[in-house]
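# Coordinates in review
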Amino acid sequence: MNIARKPEWLQKRINPAAHAAMEGLLGELHLHTVCQEARCPNITECFRERQATFLILGADCTRLCSFCNVTKRTPLPPDSTEPARVAEAVFRLGLSHVVITSPTRDDLPDGGAGHYAETVAAIRSAAPATKVELLIPDFLGSSESLARVVASAPAIIGHNVETVPRLYDIRAGGEYGRSLRVLRMLGELAPAVRSKSGIMLGLGETEDEVLTVFADLRAAGCSYLGIGQYLAPSRQHHPVREFIRPELFEKYRITALSMGFAHVESGPYVRSSYHAARYDGAP
Ligand code: SF4
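Every chain's residues receive numbers from 1 upward, in the order its sequence appears when written. Only residues with pLDDT of 70 or above have their local features reported here, since the model is predicted, and side-chain atom pairs are shown and tallied only from 80 upward, although totals for entire chains, interfaces and linings are computed over all residues. Hydrogens are left out, water is left out, and the side-chain values use all remaining heavy atoms of the structure.

As recorded in an unreviewed UniProt entry, the protein goes by Lipoyl synthase and comes from Geobacter benzoatilyticus. UniProt positions are given in the numbering used here, feature names are shortened, and annotations may be inferred rather than shown by experiment. Annotation of the protein in UniProt includes, under Subcellular location (unreviewed entry), the sentence "Cytoplasm".

Structure representation (structure tokens):
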């Protein structure tokens, strides 16, 4: 079943005219954002507020998740000038909190961990007061890659489980157990760094399955949780099975907090990076 018509609580408008300033800066610095590549429905709101989530290591992915709009293509080698360009954008935008993510780069020996670390270092040099949050792939579970990222000392490290284990066929190359191990290893490597995860709803999961994921994440030491509605980027992507009502998102938020998460954002338009500073106490 493919549900084409969105309900009244999912009618956010995209206004490309409001994106010009951000797109000018991103184009000048030759940077990618997940806001653009993933066709995020929050792009007008975020770009108006000069917020963006930078997509480092190129815009091509080595995996092909059926929910994701990032292109599967043989990626280019990492660009050594990219960390400085991201740092310049962070400085020029005056960001107090920035989220950095990447496609999955299974082609690289370290999965791109070194490039993440160089990007954190460049931002720290150009904008020392900016809190850096990394949203990382699973690095095929490599503890060396995770240690490299942790050593760069970001404020928050996120890794999304995305959905319940029964539906992991939409996450080509991903493994639920490995994602939990990544979160657990992050806690062991850097007990002071908050870890974060995210799950999309509306893919056909049940409430019991969602609550089991919450429990698994807590057992893996995850502190922060984002819960949002899956929206198919196109008709070729995995279809939406259900539009989750705002009341159920609120129920999940309250339940997750009662299970020990330090902060939970839950709502139809929540994405990993949406209002990211709030997890760390910003209003
Ligand atoms: S929610 Fe995140 S990905 Fe979406 S537009 Fe905002 S910053 Fe970009």
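## What about unusual backbone geometry?
Residue L57 is not a glycine yet carries a positive backbone phi of 65°. Mapping L57 onto the fold places it in the loop between β2 (53-55) and β3 (60-61). For L140, which is not glycine, the phi torsion reads 50° and is therefore positive. Every helix listed is a DSSP run of H or I at least four residues long, and every strand listed is a run of E at least two residues long, numbered separately from the N terminus. If you trace the backbone, L140 turns up in the loop between β6 (131-135) and α6 (143-151).

## Section: the nonpolar core
What makes a nonpolar core is a set of buried Ala, Val, Leu, Ile, Met, Phe, Trp, Tyr and Cys residues whose side-chain atoms join them at distances within 4.5 Å. Using a 1.4 Å probe on the protein chains alone, a residue whose accessible area is under 20% of its type maximum counts as buried, one over 50% counts as exposed, and one in between counts as partly exposed. One finds F54, I100 and I136 to be the most contacted residues of the largest nonpolar core, which totals 75 residues. Of the residues forming this core, the biggest block, six residues, is contributed by helix α7 (residues 176-189).

## Details of the pairing of β6
By the criterion of burial, β6 is predominantly enclosed, with four of the five residues buried. Only strands joined by at least two bridges in the DSSP assignment are considered to pair. Inspection of the sheet shows strand β5 (residues 97-101) paired to β6 by five bridges, in the parallel sense. When the sheet's bridge partners are listed, V99 is paired in β6 with E133. Once the chain exits β5 it traverses helix α5 (residues 113-126) before rejoining the sheet at β6, and the crossover so formed is right-handed. Note: β6 against strand β7 (residues 156-158), three bridges, orientation parallel. By the bridge assignment for β7, L135 is matched with G158. Remark: the β6/α6/β7 crossover connection has right-handed handedness. When the strands point away from the viewer, a crossover counts as right-handed if the path from the first strand over the helix to the second runs clockwise.

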